[in-house]
Number of protein chains: 2
Amino acid sequence: MKIEQDLLAKNDAYADDNRIAFNMTGALALNLVSSPGSGKTTLLVETIKRLQSDLPVAVIEGDQQTSMDAEHIRATGAPALQINTGKGCHLDAHMTGHAFEQLRPAFGSVLFIENVGNLVCPAMFDLGEEHRVVLLSVTEGEDKPLKYPDMIRSSHLLLITKVDLLPHLDFDMDALISNARKINPGIKILKVSAKTGEGMDGWTGFIRAARTLALTGCATAEEWG
Amino acid sequence: MKIEQDLLAKNDAYADDNRIAFNMTGALALNLVSSPGSGKTTLLVETIKRLQSDLPVAVIEGDQQTSMDAEHIRATGAPALQINTGKGCHLDAHMTGHAFEQLRPAFGSVLFIENVGNLVCPAMFDLGEEHRVVLLSVTEGEDKPLKYPDMIRSSHLLLITKVDLLPHLDFDMDALISNARKINPGIKILKVSAKTGEGMDGWTGFIRAARTLALTGCATAEEWG
């Protein structure tokens, strides 16, 4: 218990350093967390395609092994750096800070940090991000917010992904939303499909408004949608 | 690193105790691991319905929080005990042994241990099981074996779940199987859908044969299918 506390205290100190670095370079850092296979990389690729014509974007990819995700991202033209965590089940603030220094994204970039696919470990590790975004795909069932409450509680935005599959599933959307709000009444919720594009304007709108707010300290109600 | 080694050595000693306990009570222990939402509980419910008319079945459920899964299982009539791991991302052999003592399943039971939904942490923790069964659903993508190699390497059987959704997905089954075999050439692979029943006979056949083998020390080629 003592060891865990020391570890988290160290991480939080690095996270504070990251916040300063993100701030000074105008980076909007979004920490994307989810189960393996809930569609983080596919969503990121589609999101980048929609943003990069007028916004600088950079990506830090976390995976236990392989650099496949970073390669997928780089195929869009956006700079991406892969971190392999080996036996580790989450990114930490120290490795994130190092990756950010190597990436050196353009001023005012949207910095996506794709965490290791895991609904437990990444919840405890602040990376210095502006917003934590948790993805739950509609194929995962309605009960996940109750079973992984730490992750839902620590997130600002819930993206319900793969909504194009809804016609083929027994899935109760109202139950999922109600379960999420039971754990985190203030969580913002958006439904998206990277495949059909449904809801993508809402999601990119959120990113644009959050970036304006981070850069200027204010955002209009219209921007927040 | 030293702490991790001590922890795993302790776990392995408990796992050996569990193996003895399982052996003495004729229990066939199967450790089910996967991402959150890949369909472990739904598969278990359908599996139990197919086995319980002629085989005793018992279930240990692991989740970070809630006892919903144990309740789903108990609705089938099978005894089930829920372990909540709190901040922990996996079951360990010690908690599994305690749960087994409390459950006291009938002699010769099939003991399903549903681990916490996570493709990283549970890979390192032997529970004393006869077989580790990893589930990957077709909605999770073909790359998961390469990204979570420890789990694939340490598993005896890969269940590819939710195959009823294949017509609605861009999913390359051959690529998934080839990726799994790259990591673990000897892994047995079965495709199932708990919803339509496809492949369920192969899966319950595997369980029956494994149980016969565990109880008698031999199983016929026909039983292994």
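Please read all numbers here as calculations on a predicted model, not as lab measurements.

Q: Can you walk me through helix α2 (residues 40-51) of chain A in this structure?
A: Residues three or four positions apart in an α-helix share a direction because the helix packs 3.6 residues into each turn. Residues and elements named next belong to chain A. The first and last C-alpha atoms of α2 sit 16 Å apart over 12 residues, in line with the 16 Å expected at 1.5 Å per residue. Most of α2 sits out of view: nine of its 12 residues are buried. Looking only at α2, the buried set comprises Lys40, Thr41, Leu43, Leu44, Val45, Glu46, Thr47, Ile48 and Leu51.

Q: In this structure, what is going on with the sheet that holds strand β3 (residues 80-84) of chain A? I would like to understand it.
A: Strand pairing in a sheet is mediated by backbone hydrogen bonds. Such pairs are either parallel or antiparallel. Residue and element names in this part refer to chain A. Taken together, seven strands build an open sheet; the order of strands is β3-β2-β4-β1-β5-β6-β7 and the sheet is parallel. Edge positions in the open sheet fall to β3 and β7 (188-191), since each of these has one partner strand only. Adjacent strand axes in the sheet meet at a mean angle of 20° when their direction is disregarded. Two strands pair when backbone bridges link them, and strand β5 (residues 131-137) and strand β6 (residues 157-161) are joined in this way by five bridges, in the parallel orientation.

Q: Mind showing me how you'd approach the pattern of salt bridges here?
A: Two side chains that carry opposite charge are able to pair once their charged atoms sit near each other. Per the stated rule, a full pass over the model turns up 26 salt bridges over all chains. A salt bridge links B:Asp63 to A:Lys147; the nearest nitrogen and oxygen atoms lie 3.7 Å apart. On the criterion of chain membership, the pair formed by B:Asp63 in strand β2 (residues 57-63) and A:Lys147 in helix α5 (residues 144-147) is interchain, its members lying in two chains. Under the relative-accessibility criterion, B:Asp63 is labelled buried at 2%. The shortest N-O distance in the salt bridge between B:Arg50 and B:Glu46 comes to 3.5 Å. Of this pair, B:Arg50 and B:Glu46 both sit in helix α2 (residues 40-51), four residues apart, which is roughly one turn of the helix.

Q: Can you walk me through the side chain of A:Ser34 in this structure?
A: If you trace the backbone, A:Ser34 turns up in strand β1 (residues 28-34). In this structure A:Ser34 touches A:Lys40, A:Val116, A:Gly117, A:Asn118, A:Leu119 and A:Leu135, once residues within four positions along its chain are discounted.

Q: How should the side chain of B:Asp69 be read in this particular structure?
A: With respect to the helices and strands, the residue B:Asp69 is situated in helix α3 (residues 68-74). Since its relative accessible area comes to 1%, B:Asp69 is described here as buried. Separated by 3.2 Å, the side chains of B:Asp69 and B:Thr41 make a polar contact. In contact with B:Asp69, not counting residues within four places along its chain, are A:Asp143, A:Lys147, B:Thr41, B:Glu61, B:Asp63, B:Gln82 and B:Glu114.

Q: Got a minute to help me understand the relation of the copies chain B and chain A in this structure?
A: Think of it as a corkscrew move, a rotation about one axis and a shift along it, taking one chain copy to the other. Its rotation angle being 180°, the transformation that places chain B on chain A also includes 0.0 Å of axial translation and leaves an RMSD of 0.0 Å. On the angle and the small slide along the axis, the relation comes out as a two-fold axis. Most of the interface of chain B is mirrored in chain A, where 100% of its interface residues again form contacts.

Q: Can you help me understand the state of the cysteines in this one?
A: In protein chemistry, a disulfide is the covalent bond that joins the sulfur atoms of two cysteines. Residue and element names in this part refer to chain B. The tally for this structure, following the rule as stated, stands at two disulfides over all chains. One disulfide bridge connects cysteine 89 with cysteine 121, the sulfur atoms lying 2.3 Å from each other. Judged by the sign of its S-S torsion, about -100°, the cystine formed by cysteine 89 and cysteine 121 is left-handed. Of this pair, cysteine 89 sits in the loop between β3 (80-84) and α4 (93-103) while cysteine 121 sits in the loop between β4 (110-114) and β5 (131-137), placing them 32 residues apart in sequence. As far as burial versus exposure is concerned, cysteine 89 and cysteine 121 are alike and both buried.

Q: It is not clear to me how the packing of α2(B) against helix α8 (residues 200-216) of chain B should be interpreted in this structure. Could you clarify?
A: How two helices sit against one another is set out by the angle between their axes and by the gap between those axes. Residues and elements named next belong to chain B. Between α2 and α8, whose axes approach to 11 Å, the crossing angle comes to 70°. Considering the angle they form, α2 stands roughly perpendicular to α8. Relative to α8, α2 is oriented so that their crossing is right-handed. Of the residues in α8, those touching α2 at Leu43, Glu46, Thr47, Arg50 and Leu51 are Met200, Trp203, Thr204, Ile207 and Arg208. Of the residues assigned to the contact of α2 with α8, the class counts are five nonpolar, two polar and three charged.

Q: Which parts of the structure should I look at to understand the layout of surface pockets?
A: Empty space among the atoms can be located by rolling a probe the size of a water molecule over them. Of the voids in this model, the largest pocket is the one considered here, and its volume is about 1500 Å³. Lining of the largest pocket is provided by 39 residues; of these, A:Glu4, A:Leu7, B:Glu4, B:Leu7 and B:His90 occupy positions nearest its centre. Those elements that provide at least two residues to the lining of the largest pocket are α1 (2-24) and α4 (93-103) of chain A together with α1 (2-24) and α4 of chain B. Residue composition of the lining of the largest pocket, grouped by class: 21 nonpolar, 10 polar and eight charged.

Cut-offs and rules
- Residues numbered from 1 in each chain as written.
- Chains lettered and ligands numbered in written order.
- Predicted model: local features only at pLDDT ≥ 70, side-chain atom pairs only at ≥ 80, totals over all residues.
- Heavy atoms only, no water.
- Helix = DSSP H or I, 4+ residues; strand = E, 2+ residues; numbered from the N terminus.
- Expected span 1.5 Å × (residues − 1).
- Buried < 20%, exposed > 50% of the residue type's maximum accessible area, 1.4 Å probe, protein only.
- Pairing = 2+ DSSP bridges.
- Axes fitted to C-alpha atoms, helices over the stretch in contact; angles between N-to-C directions.
- Salt bridge = Lys/Arg side-chain N within 4 Å of Asp/Glu carboxyl O.
- Contact = heavy atoms within 4.5 Å.
- Polar contact = N/O pair within 3.5 Å; in protein donor to acceptor, adjacent residues only side chain to side chain.
- Least-squares fit on C-alpha atoms with pLDDT ≥ 70 in both.
- Disulfide = S-S within 2.5 Å.
- Parallel < 35°, antiparallel > 145°, perpendicular 65-115°, else oblique.
- Left-handed = near helix turned anticlockwise from the far one by under 90°.
- Nonpolar A, V, L, I, M, F, W, Y, C, P; charged D, E, K, R; others polar.
- 1 Å grid on protein atoms, 1.4 Å probe; cavity = no way out; pocket = protein on both sides within 12 Å on 5 of 7 lines; lining within 4 Å.
- Points joined across faces, edges and corners; volume = space filled by probe spheres on them.

It is worth stressing that arrangement in space is one thing and function is another; only the former is reported here.
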